[in-house]
Every structure is written in C-alpha cells, then in structure tokens.
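Given next are the chains, with one letter for each unit.
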Amino acid sequence: MKIVNRIDELRTMLTEEKTEGKTVGFVPTMGYLHEGHLSLIHAARKENEVVVISIFVNPLQFGPGEDFDQYPRDIEHDEALAREAGVDYLFYPTVAEMYGERPTVTVKVHERTDCLCGKSRPGHFDGVATVLTKLFNIVAPTRAYFGLKDAQQVAVVEGLIRDFNFPIELVGVDIKREEDGLALSSRNVNLTPEERTEAVHISKSLRLIREAIENGSTPAAALAEGIGYLQGHITGSIDYLEALSYPELKSITDVRETIIVAAAVQYSKVRLIDNVIIKNEQPRG
Ligand code: PAF
C-alpha cells in the first residue's frame, strides 16, 4: 500500500494505473476506520483492480459549534487496517494541500438538504459536495463507495454525480451494525457507557416503524408509535425521526414508493444517526 500526501503524486500514480486499463474503486473517508468502512473497502476490492481510499477530516463540512476538533483521529491504526484490507493507495492530504489558504470556489447543493441532517447542519452538504468534487477530480475513479448509514449523503452524491456529469458509478453499501443493532460509527467512541447502552433503542425504534409500515400502518401512525417508543427509552434528545421518499427526500405521497425512516439523536458529546430504507417492490397499479 502506498501512502500519498500530495495531489500531484496521486494523480501521476493513478494515471499510470489507468493507462494500463485498470478500474479504480474509491472509498472517501474521514478516517478512524471501523467495520463499516472495511465493508466499503471490501466491496471496492471485489469489483475493481485498484483500490484508493482517502482519509481527510474535511473542515468545510463542519459547522462552527460542531466536533471538527473532537472528531476521532488515529492514522497509524487506519494505516494498519487499510493495509490489511488490501488498499493499494491511501491518500492522506493536509488541509493546506486540499484547500490552499482558502477555497475560492465551493459547491452549493439545492435539493435533498432541507430535511433530516441538512436542517440542523446548514452548509454541511455544501462542504461534502465541495470536497467530493475535488476528490472525484483528483482520483477520477471508476466507482465510488459510500455507506448507507449516511443515506442523505448518498442521495446528495447521487445528485452531484448526475448534475456534474462525473463518469463515476455510485455504490451505496448497507449499514454495518454492532451485535445489539447500533449502527457502526467513528463517533460511537464518544458515547458515555450509559449512552452506549441505551443507544440500542435508536435502531429498535426504526425497526418498529418499518414493521408497522410493512404491516399496513400509515407512515404518520408508524412514526408516532416509534417516536413514543424512543422518547420512553432514551435520555438523548431526538433531533428528528422522519419518514420521507428516497432518494428524493420529499414528503411521502404514495406508500408504494421507496421510503427512508431516519433518526438523529443528540447525546452529550455526540450526535448519532441511523436509518432503514423500505424498498417497495410491489407492482404499482
Ligand atoms: O462520509 C464521510 O466520511 C464524509 O462525509 C466524506 C464522504 C468522506 C466527505 O468528507
């Protein structure tokens, strides 16, 4: 595995690989790798001849009071995991390498951001879209892999790839969970032991809502039940628990469309998100 800090060096190396006709799978990350990232890397490894991951905690996607400084970092651990998972190139740039003194152009996302995390994180998805535009241009991958835990991010990236005509195939990979159902996240280490114990109820409430919808409840009734359950079982504050169409992220007008049920819970030092996607494959009629 090659560790590369410079944009021009990575470009040169990948151009060489591509002139040999090799496909490139790209996994953009902010590091502190866990099983969830590894499942993206494994998917990329299976489907491509060359695998590139980036580790870059992107300041542009963190708001003023957010956890940019507290975001967990452990590059030695990440290097070891990436090497073991069969990564070919680990791109690990500094903020100065990516943005110079200050970016002069950024990307603005107009749809799919006025709900869920976008509501309480103004500018977050603009920062994500900006860094991904840069990373897609630097790496120019055949396929890019994203975890469906950040389902709103996947919806935004789908729009970015389509609107900016990136010749990249987007691959969304299912959520990896702890044994008790908690969605894996780099941020889980910042939960207190009590918060970690009760956080299991987030995924439980989502499952409850999914089952109710699958058994014929209206999304509104199922959500009310799920919100009641969650309020009764956690001390964290519920930022949202919503059901929307996916990937459009609009109000549900037809229960036969694909639906996302998504939750965010704010704890003392960390905000957790989770979701389930209900694919409705019934024939429309
Ligand atoms: O999901 C993440 O880790 C980040 O939002 C991403 C896609 C690496 C962009 O900084």
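Note that the coordinates shown come from a computational prediction; the quantities given were computed from them, not determined experimentally.

*Asks:* Which residues make up the sheet that holds strand S3 (residues 50-55), and what are the values?
*Replies:* One open sheet holds the 6 strands; their spatial order is S1-S4-S3-S2-S5-S6, and the pairing between them is parallel. Looking at the sheet topology across the chains shown, the edges are occupied by strand S1 (2-4) and strand S6 (169-173). Each adjacent strand pair in this sheet contributes to an overall mean axis angle of 25°, direction not counted. The pairing of strand S2 (residues 24-29) with strand S5 (residues 143-147) spans 2 bridges and is classified as parallel. From the neighbouring strand, Phe 26 faces S5, where its bridge partner is Ala 144.

*Asks:* Quick one: what's the story with the pattern of salt bridges, residue by residue and with numbers?
*Replies:* Oppositely charged side chains are able to pair whenever their charged atoms sit close together. For the structure on display, the rule yields 16 salt bridges. Where Glu 20 meets Lys 22, a salt bridge forms, and the shortest distance between an N and an O atom there is 3.2 Å. The exposure class assigned to Glu 20 is exposed, which follows from its relative accessible area of 56%. Lys 22 sits in the partly exposed class, given a relative accessible area of 29%. One salt bridge in this structure joins Asp 88 and Arg 45, with 2.9 Å as the shortest N-O distance. One end of the pair, Asp 88, is in the loop between helix H3 (75-84) and strand S4 (89-91); the other, Arg 45, is in helix H2 (residues 35-47), with 43 residues separating them in the sequence. When its relative accessible area of 26% is taken as the criterion, Asp 88 is described as partly exposed. Judged by its relative accessible area of 27%, Arg 45 is partly exposed.

*Asks:* Can you lay out the side chain of Arg 121 for me, pointing to particular residues and giving the numbers?
*Replies:* Inspection of the secondary structure assignment puts Arg 121 in the loop between helix H5 (116-120) and helix H6 (124-139). The exposure class of Arg 121 is buried, given its relative accessible area of 12%. A polar contact is formed between the side chain of Arg 121 and the side chain of Glu 66, at a distance of 2.7 Å. Leave out the neighbours within four places in its chain, and Arg 121 touches Gln 61, Glu 66, Arg 187 and Arg 271.

*Asks:* Tell me about the packing of aromatic side chains, and name the residues and values.
*Replies:* Counted under the stated rule, the structure contains 5 aromatic pairs. For the ring pair Phe 62 and Tyr 71, a centre distance of 5.9 Å and an interplane angle of 75° mean the geometry is edge-to-face. In terms of burial, Phe 62 and Tyr 71 fall into one category: buried. Taken together, the ring pairs in this structure connect Phe 62, Phe 68 and Tyr 71 into an aromatic cluster. Against the face of Phe 68 rests Arg 73, its NZ or CZ located 4.9 Å from the ring centre.

*Asks:* Please provide a residue-by-residue account of the state of the cysteines, values included.
*Replies:* One pass over the full model with this rule turns up 0 disulfides. In this structure Cys 115 is not part of a disulfide, and its nearest cysteine sulfur, from Cys 117, lies 9.1 Å away. Exposure remark for Cys 115: the relative accessible area of 6% places this residue in the buried category. Under the relative-accessibility criterion, Cys 117 is labelled buried at 8%.

Scoring rules and cut-offs
Residues numbered from 1 in each chain as written. Predicted model: local features only at pLDDT ≥ 70, side-chain atom pairs only at ≥ 80, totals over all residues. Heavy atoms only, no water. Pairing = 2+ DSSP bridges. Helix = DSSP H or I, 4+ residues; strand = E, 2+ residues; numbered from the N terminus. Axes fitted to C-alpha atoms, helices over the stretch in contact; angles between N-to-C directions. Salt bridge = Lys/Arg side-chain N within 4 Å of Asp/Glu carboxyl O. Buried < 20%, exposed > 50% of the residue type's maximum accessible area, 1.4 Å probe, protein only. Polar contact = N/O pair within 3.5 Å; in protein donor to acceptor, adjacent residues only side chain to side chain. Contact = heavy atoms within 4.5 Å. Phe/Tyr/Trp six-rings, centres within 6.5 Å; stacked < 30°, edge-to-face > 60°. Lys NZ or Arg CZ within 6 Å of the ring centre and 35° of its normal. Disulfide = S-S within 2.5 Å.

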